[in-house]
Amino acid sequence: MKIGNFSYPLPANEPVLSYAPGTKERDDLKKALKSLKGKKIDVPMYIGSEEIRTDDKIEIRPPHEKKFVLGTYNQGTAADVKKAINAALKAKEKWAALSWGNRANIFLKAADLIATKYRAEMCATTMLGQSKNAFQAEIDAACELIDFLRFNVHFLNEIYSQQPVSSAGIHNRMEYRPLEGFVLAVTPFNFTAIGGNLPTSAAMCGNVVVWKCANTQVFSAQMFMRILKEAGLPDGVVNLIFVDGPVLGDVCFNHPDFAGIHFTGSTGVFNTMWKHIGENTKIYKSYPRIVGETGGKDFVVAHKSADVDVLVTALCRGAFEYQGQKCSAASRAYIPSNIAAEVKKKLVAEIKTMKMGTVEDFSNFINAVIDEKSFDKIEEYIKQVKRDKEAKIIVGGKCDKSNGYFIEPTVIEVTNPKYVTMCNEIFGPVLTIYIYDENKFEETLKLVDTTSPYALTGSIIAQDRNAVELATQKLKNSAGNFYINDKPTGAVVGQQPFGGARGSGTNDKAGSIINLYRWLSARTIKETFIPATDYRYAFLKEK
C-alpha cells in the first residue's frame with residue numbers, strides 16, 4: 001500500500017568517460033573486449049521465464065572482422081512470437097498492479113548496474129557487434145541508455161503527479177493506466193540505447209512488451225536483457241525474440257490484443273506497418289498507438305558569415321562519426337561560395353587524418369559499416385558518382401569488404417542540388433556538398449526545405465544573428481532537432497528531446513515526457529461527496 005508521495009527528482013546526465021590512455025575505464029574496456037572475444041556465446045530468446053534455443057542458429061560476426069565468430073543467436077518462428085505474446089499477457093495484470101515505486105526502482109537499478117558493474121561489457125558488446133569506437137559506444141550504450149532509464153522515471157513520476165482540479169463537494173483524480181494489450185518494440189542496429197529505450201519506456205508505464213531487435217544488434221541487446229533480469233524485471237514483462245520482420249508483423253498485427261508499436265527503422269517499413277495496422281483496426285480492442293522514428297536526410301547549411309573551422313568540424317563529426325550510420329548524421333551540406341575553397345581544403349585535409357580499422361585499435365576514428373547489404377548499397381552510390389558528370393568525389397571513395405565492411409569517409413561535390421545523393425538516405429560515411437551563391441542565402445534555405453521528404457535534424461552555421469534567425473524560421477518544418485553552430489547529431493536525453501516529422505516519423509520525442517504519454521491511457525474518476533437526491537434544477541420552479 002502506498003503510504004507517501006515519493007519523489008524522483010530530475011537526474012543529472014551520466015558523465016561521459018574519456019577512455020584516454022592510462023585511465024581505468026580504458027583498461028576495463030580493453031579487458032572486456034578481450035574476454036568477449038575469448039568465449040563463444042549462444043544467445044537465447046527470452047520469453048517469459050524461459051531461455052528459448054532453436055535448431056536455427058545464426059552466427060554473430062563483427063562487421064570489422066567478418067571472419068571472426070563471436071557466437072550465435074537462436075532464430076525463432078511464428079510460434080515463438082505467439083508464445084512471447086502469451087507470456088506478456090500472462091504477466092500483464094500483476095505487472096500493471098505493481099506499485100509505481102517498485103516498478104520505478106527496477107529501472108533505476110538497471111541504470112546503476114550499467115553505470116558501474118556492466119559499463120565495460122555494455123560498451124564492449126556494442127563495439128564488437130555494431131562496430132563502434134570506444135567513444136561512440138560510451139555515449140550510446142552507457143550514457144544515453146542510463147539517461148533514458150533515469151529521466152523516464154522522473155518524467156513518468158511528473159505525469160502521475162498531474163491531477164485535475166476539484167470543486168466544492170467533489171474530488172477528481174486522474175489515473176494513468178497502461179494500454180490494454182501488449183506493446184511491440186522494434187529496434188534498430190545503430191543505437192544500443194534505442195534498443196533499450198523502446199521496450200523499457202513502454203514497460204515502465206505498466207505495459208508488457210514483445211521486443212524484436214535488429215539481427216545486427218543482438219550481441220548488445222542480450223547484454224541489456226540480462227541486466228534487466230538482474231535488476232528484478234519480472235518474467236514476461238519484456239520478451240526478447242529474434243524473428244524475421246514479416247513473420248513478426250503477421251502475428252502481432254493480426255492479434256486482437258495488439259495495443260501499440262514503438263519503432264525505429266526505415267520509413268518504408270514503418271509505412272507498411274501503418275498500413276497493416278490501419279486495415280486491421282476492426283479486430284483490435286482499442287486503437288493502437290503508433291510511434292515511430294524513421295529516416296533522415298540531415299543537412300548543414302552554412303551562411304557566408306560562418307566560421308570555417310566550426311563548419312569543418314561540424315561536417316567531420318556530423319557526417320563521419322559512427323560511419324554516418326546515425327539517423328541524425330549530416331548527409332548534405334550547403335556551402336556559400338565565399339568560403340567554399342577554404343572549407344573544401346580544410347575538410348579534405350581533416351578527413352585524410354582519419355584512421356580506419358577495427359574497434360580494438362582505439363586510434364581508429366572510422367570503423368566498418370554494419371553488414372554486406374549496407375556496404376553494397378553505399379558502394380553503388382559511390383560507383384554512380386564516378387560515372388556521372390554532375391558529381392565528383394573530392395576525397396575518399398574507396399570500398400573494401402575483404403576483411404570487414406570498410407568504406408572510406410567520402411565527400412561528393414555536386415553541381416545539381418537535386419542530385420540523387422543530396423536527396424536519398426544513404427546511411428553511410430558519405431557527405432554531399434553543394435556550393436551556392438553567397439548572396440542567395442534565402443533561396444538556398446528554400447532549397448534545403450524542399451529537397452528531402454524527411455525532417456529529422458539539421459543545423460545552421462553562421463555568425464550573423466539575422467541569418468540564424470532567418471534560417472530558424474524558414475526551416476521550422478525541416479527538422480525536429482535543429483542546431484545552431486553545431487553538428488546535427490548528439491542529442492542528449494533531457495536536453496534535446498529527439499524526433500522529427502514528415503517522412504522522419506511521428507515526432508514523439510524520445511528522451512522527453514512527450515513520449516511517455518503515448519504508452520498511457522488516462523481514466524478520470526469523479527467522486528461526489530453529497531450526491532443529488534432530486535432530478536429537479538432550480539430553473540424549473542415557477543417562483
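About the cut-offs
- Residues numbered from 1 in each chain as written.
- Predicted model: local features only at pLDDT ≥ 70, side-chain atom pairs only at ≥ 80, totals over all residues.
- Heavy atoms only, no water.
- Helix = DSSP H or I, 4+ residues; strand = E, 2+ residues; numbered from the N terminus.
- Rg over C-alpha atoms; globule rule 2.2 N^0.38 Å.
- Buried < 20%, exposed > 50% of the residue type's maximum accessible area, 1.4 Å probe, protein only.
- Contact = heavy atoms within 4.5 Å.
- Areas by Shrake-Rupley, 256 points an atom, 1.4 Å probe, with all protein chains shown as cover.
- Lys, Arg positive; Asp, Glu negative; His and termini not counted.
- Charge placed at Lys NZ, Arg CZ, Asp CG, Glu CD.
- Axes fitted to C-alpha atoms, helices over the stretch in contact; angles between N-to-C directions.
- Parallel < 35°, antiparallel > 145°, perpendicular 65-115°, else oblique.
- Left-handed = near helix turned anticlockwise from the far one by under 90°.
- Nonpolar A, V, L, I, M, F, W, Y, C, P; charged D, E, K, R; others polar.
- UniProt positions renumbered as here; feature names shortened; annotations may be inferred.
- Pairing = 2+ DSSP bridges.
- Polar contact = N/O pair within 3.5 Å; in protein donor to acceptor, adjacent residues only side chain to side chain.
- Patch = residues over 30% accessible without salt bridge, like charges linked within 9 Å, V, L, I, M, F, W, Y side chains within 5 Å.
- Salt bridge = Lys/Arg side-chain N within 4 Å of Asp/Glu carboxyl O.
- Domains from an automatic or database assignment.
- Buried area = accessible area lost by both parts, 1.4 Å probe.
- Phe/Tyr/Trp six-rings, centres within 6.5 Å; stacked < 30°, edge-to-face > 60°.
- Lys NZ or Arg CZ within 6 Å of the ring centre and 35° of its normal.

Helix and strand counts for the protein chain come out as 16 helices and 23 strands. Its C-alpha atoms give the protein chain a radius of gyration of 25 Å, near enough to 24 Å, the size a compact globule of 543 residues would have. Principal-axis analysis of the C-alpha atoms places the extent of the protein chain at approximately 85 × 70 × 50 Å. A buried classification covers 56% of the 543 residues belonging to the protein chain. Partitioning the contacts of the protein chain with sequence separation of at least 6, the portion at a separation of at least 24 is 78%. Just so you have it, the protein chain exposes about 23,400 Å², and 52% of that area is on carbon and sulfur atoms. If the 68 positive side-chain charges of the protein chain are averaged to one point and the 60 negative ones to another, these points end up 2 Å apart.

This part takes up the packing of helix α10 (residues 308–320) against helix α11 (residues 340–351). Across the interface, α10 lies against α11 with an axial gap of 10 Å and an inter-helix angle of 45 degrees. When the axes of α10 and α11 are compared, the pair comes out oblique. In terms of crossing hand, the pair formed by α10 and α11 is right-handed. Between α10 and α11, the residues in contact are V308, D309, L311, V312, L315, C316 and F320 and E342, V343, K346, L347, E350 and I351, respectively. For the contact of α10 with α11, the per-class residue count stands at 9 nonpolar, no polar and 4 charged.

Quick look at the UniProt feature "active site" (unreviewed entry) in the protein chain now. Summarizing the sequence annotation, UniProt attributes the feature "active site" (unreviewed entry) to E293 in the numbering used throughout. Tracing the sequence through the fold places E293 in strand β11 (residues 289–293). For E293, the residues in contact, after removing those within four places along its chain, are F263, T264, G265, C327, L456, F498, S504 and G505.

Once that is clear, we can look at the sheet that holds strand β1 (residues 41–43). One open sheet holds the 3 strands; their spatial order is β1-β5-β4, and the pairing between them is mixed. The two strands at the open ends of the sheet, each matched to only one other strand, are β1 and β4 (57–60). Across the sheet, the mean angle separating the axes of adjacent strands is 25 degrees when strand polarity is ignored. Across 4 bridges, β4 lies against strand β5 (residues 71–74) in antiparallel orientation. The partner of K57 across the bridge, within β5, is N74. Across the sheet, helix α7 (residues 218–231) touches β1, β4 and β5, and the angle it forms with β1 is around 75 degrees.

Let's shift gears to the environment of D361. Checked against the element boundaries, D361 lands in the loop between α11 and α12 (372–387). Given a relative accessible area of 33%, D361 falls into the partly exposed group. Residues D361 and K386, 25 residues apart in the sequence, show an inter-C-alpha distance of 32 Å. Within the structure, D361 has its side chain in polar contact with the side chain of S363 (distance 2.6 Å).

On to a nonpolar patch on the surface. A cluster of nonpolar side chains, contributed by Y535, Y537, F539 and L540, occupies part of the molecular surface with about 560 Å² of accessible area. As for its placement among the helices and strands, L540 is situated in the segment after β23 (520–528). Of the residues examined, L540 reaches a relative accessible area of 45% and is grouped as partly exposed.

The buried count for strand β17 (residues 410–414) comes to 5 of 5 residues, which makes it a mostly enclosed element. On β17, burial covers both faces: T410, I412 and V414 on one face and V411 and E413 on the other are all buried. Relative to β17, strand β14 (residues 391–395) runs antiparallel, the two being bridged by 4 bridges. Across the sheet, residue I393 finds its bridge partner in β17, namely I412. Where β17 meets strand β18 (residues 430–436), 5 bridges bridge the pair, whose relative direction is parallel.

Along the chain, K487 turns up in the loop between β21 (481–484) and β22 (501–502). There is a polar contact of 3.1 Å between the side chain of K487 and the side chain of T489. If we ignore the near neighbours within four places in the chain, the residues touching K487 are A314, R317, G318 and E321.

Moving on, we come to the environment of D112. Mapped onto the secondary structure, D112 falls in helix α3 (residues 100–115). Residues D112 and C252, 140 residues apart in the sequence, show an inter-C-alpha distance of 33 Å.

Before going further, it helps to examine the domain arrangement of the protein chain. One can read the domain layout of the protein chain as domain 1 (24–164 + 172–294 + 505–526) and domain 2 (298–484). Between the C-alpha centres of domain 1 and domain 2 the distance comes to 31 Å. The interface of domain 1 with domain 2 comprises 28 residues on the first partner and 28 residues on the second. Surface buried jointly by domain 1 and domain 2 totals about 2,400 Å² across both partners, of which 59% is contributed by carbon and sulfur atoms. The tally of links between domain 1 and domain 2 comes to 1 salt bridge. Here K37 ties to E360 by a salt bridge, and the two come within 3.1 Å at their closest N and O atoms. Seen at the junction of domain 1 and domain 2, the total is 14 residue pairs in polar contact (both at pLDDT 80 or more).

Right, let's get into the packing of aromatic side chains. Two aromatic rings, taken as a pair, are described by how far apart their centres are and by the angle between their planes. For the coordinates displayed, the defined rule picks out 16 aromatic pairs. Arranged with centres 6.0 Å apart and planes meeting at 45 degrees, the rings of F151 and F155 form a pair that is tilted. On the criterion of helical spacing, the pair formed by F151 and F155 is a turn pair, its members being 4 residues apart in helix α5 (residues 134–161). By the burial criterion, F151 is buried, and F155 matches it. Centre to centre, the rings of F189 and F427 are 6.0 Å apart; their planes meet at 85 degrees, and the pair counts as edge-to-face. Within this pair, whereas F189 is found in the loop between β7 (182–187) and α6 (192–204), its partner F427 is found in the loop between α13 (420–423) and β18, the two being separated by 238 residues in sequence. Under the relative-accessibility criterion, F189 is labelled buried at 14%. Among the aromatic residues, those joined into a cluster by ring pairs are Y8, W100, Y160 and Y176. One cation-aromatic arrangement involves K37 over F68; the distance from NZ or CZ to the ring centre is 4.5 Å.

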